[in-house]
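Working through the structure, step by step
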Amino acid sequence: MYDYDLLVVGSANADLVIGVERRPAAGETVLGSDLAVHPGGKGGNQAVAAARLGARTALLARVGDDDYGRLLLDSQRAAGVDTVGVLVGGAPTGVALITVDPSGDNSIVVSPGANGRLAPGDVRAAASLFHASRVVSTQLEIPLETVVEVVRSLAPDSRFVLNPSPPQPLPQEVLAACDPLIVNEHEAKVILGDALVGERPEDWARVLLAKGPRSVVVTLGAEGALVASAAQGVVRVPSVKVAAVDTTGAGDAFTAALAWRLGTGESLAEAAAYAARVGAAAVTKAGAQESYPTAAEAETLEAGALCCADPGDNPRTPGRASRSPRDTTMRGGSA
């Protein structure tokens, strides 16, 4: 019996968000809205998203001994996340600088801060959390050597989920543990590199599988997503169209929902379809963690309440990658 449905190992940032009419060009200054500060970070987001859906969730992360760090801890606890694994000190809390345009697209620059100090030794010291967790999820806003140690610390029967964001080449040891590897279009191309074949996502998924992951999810914005495994081949997952308000953090909601549902025994395609609904609900509200739905709200979307909303002039499927090549927050089926 596992104590946790999901252990998230990753970043916790303060999101500093400004609305803009358009993102500035190089050397240009634009005026924006008042500054809003929200709890965020890909690890923190995933933990809150899973907990709000009802998953028993723990977070292993590092924050600074400062106001932003206290904001993040308060947000995790309010959502029901077990913060026994959150370490405090070593550097200021990480910060994400985010601009959001009228369409809901965002651009993000991250200052890692304390996230960069989450070390392999911290992972080894948290061995009891790994052995108590059915699924372990992580990202790449923490050092890659720490992600490698996460893989080495997995319990024999636990499942490992990785969203390689921001993307970088991955060692074989990490790729082989992924079940699944979750990528958007940009992330897929970075990881494939010279191995990229054609423009068909089905081909990307097959080549990614050949690199070693046990399964792959490629998110495709308005075209939904596809899931791939050696046993079941490649399966398309339809999109969920909603009127987007703010896409920030919706990809983290997708990943959290997918990871949790896989742990309950759902197939990859079933879990991805559920995750698409969760991410869709998230983009209909401003902010990251504040926008994450409860299980009841996700079921409301499934019943069509949000799907039938008038999308106006900007119908968007959550998961659409921002036009900025640095924006990896949005990823198919759910941003």
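None of the values given here were measured: they were computed from a predicted structure.

Summing up its helical and strand segments, the protein has 11 helices and 15 strands in all. Per-residue burial for the protein yields a buried fraction of 59% across its 335 residues. In the protein, the proportion of contacts linking residues at least 24 apart, taken out of those at least 6 apart, comes to 68%.

Our focus in this paragraph is the pattern of salt bridges. Across all of its chains, the model carries 16 salt bridges by this definition. Arg152 is paired through a salt bridge with Glu173; the nearest N and O atoms lie 2.8 Å apart. Residue Arg152 is located in helix α5 (residues 144-153), and its partner Glu173 is located in helix α6 (residues 172-177); the two are separated by 21 residues in the primary sequence. On the basis of relative accessibility, which here comes to 55%, the residue Arg152 falls in the exposed class. Across the salt bridge formed by Glu202 and Arg236, the nearest N and O atoms sit 3.0 Å from each other. A residue pair is termed long-range when its members are at least 10 positions apart, and Glu202 in helix α8 (residues 201-210) and Arg236 in strand β13 (residues 233-237) qualify at 34 residues. Take Arg236: its relative accessible area is 39%, and that puts it in the partly exposed class. Each of Arg200, Glu202, Asp203, Arg206 and Arg236 takes part in salt bridges that share partners, so that together they form one network.

Attention now goes to the confidence of the model for the protein. Residues of the protein with pLDDT of at least 70 account for 88%, and the chain-wide mean is 86. Within the model, the stretch residues 305-335 combines pLDDT values under 50 with 124 contacts to residues more than four positions away or in other chains.

Let's shift gears to the packing of aromatic side chains. Under the definition given, this model contains 1 aromatic pair. On the numbers, 6.2 Å between centres and 65 degrees between planes, the contact of Trp260 with Tyr274 is edge-to-face. Residue Trp260 is located in helix α9 (residues 250-263), and its partner Tyr274 is located in helix α10 (residues 268-282); the two are separated by 14 residues in the primary sequence. The class for Trp260 is buried, based on a relative accessible area of 13%. The exposure class assigned to Tyr274 is buried, which follows from its relative accessible area of 1%. The side chain of Arg261 reaches across the aromatic face of Trp260, ending 5.4 Å from its centre. We note Arg261 situated over the ring of Tyr274; from NZ or CZ to the ring centre the distance is 3.7 Å.

With that settled, the discussion passes to the sheet that holds strand β1 (residues 4-9). If you trace the 9 strands from one edge of the open sheet to the other, you get β5-β4-β1-β8-β9-β10-β11-β12-β13, paired in mixed fashion. Where the open sheet ends on each side, the last strands, each with one partner, are β5 (82-88) and β13. Between one strand and the next, the sheet's axes are offset by a mean angle of 15 degrees, whatever the strand orientation. Of the pairings in the sheet, the one linking strand β11 (residues 215-219) to strand β12 (residues 225-229) comprises 5 bridges and is antiparallel in character. What sits directly across from Ser215, in β12, is Ser229. Seen against the sheet, α8 touches β10 (178-183), β11, β12 and β13 and runs at an angle of roughly 150 degrees to β11.

The next point concerns the environment of Arg261. Within the fold, Arg261 resides in helix α9. Along the sequence, Arg261 and Val135 sit 126 residues apart, while their C-alpha atoms lie 9.8 Å from each other.

Both faces of the sheet carry side chains from a regular strand, because those side chains alternate between them. Pairing between strand β6 (residues 94-100) and strand β7 (residues 106-111): 6 bridges, direction antiparallel. Each bridged residue has a counterpart across the sheet, and for Val100 the counterpart in β7 is Asn106. Where β6 folds back on β7, the antiparallel hairpin that results is connected by 5 residues, among which Gly104 adopts a positive phi of roughly 100 degrees.

Leu53, Leu59, Val217, Leu258, Tyr274, Val278 and Tyr292 are the most contacted members of the largest nonpolar core, which totals 50 residues. Breaking this core down by element, the ones donating at least two residues are β1, α1 (42-53), β4 (57-63), α2 (67-79), β12, α9 and α10. Other than its neighbours up to four places away in sequence, Val217 contacts Pro180, Leu181, Ile182, Val183, Leu226, Val227, Phe254, Leu258 and Leu268.

Conventions adopted
Residues numbered from 1 in each chain as written. Predicted model: local features only at pLDDT ≥ 70, side-chain atom pairs only at ≥ 80, totals over all residues. Heavy atoms only, no water. Helix = DSSP H or I, 4+ residues; strand = E, 2+ residues; numbered from the N terminus. Buried < 20%, exposed > 50% of the residue type's maximum accessible area, 1.4 Å probe, protein only. Contact = heavy atoms within 4.5 Å. Salt bridge = Lys/Arg side-chain N within 4 Å of Asp/Glu carboxyl O. pLDDT = per-residue confidence, 0-100. Phe/Tyr/Trp six-rings, centres within 6.5 Å; stacked < 30°, edge-to-face > 60°. Lys NZ or Arg CZ within 6 Å of the ring centre and 35° of its normal. Pairing = 2+ DSSP bridges. Axes fitted to C-alpha atoms, helices over the stretch in contact; angles between N-to-C directions. Core = buried A, V, L, I, M, F, W, Y, C linked by side-chain atoms within 4.5 Å.

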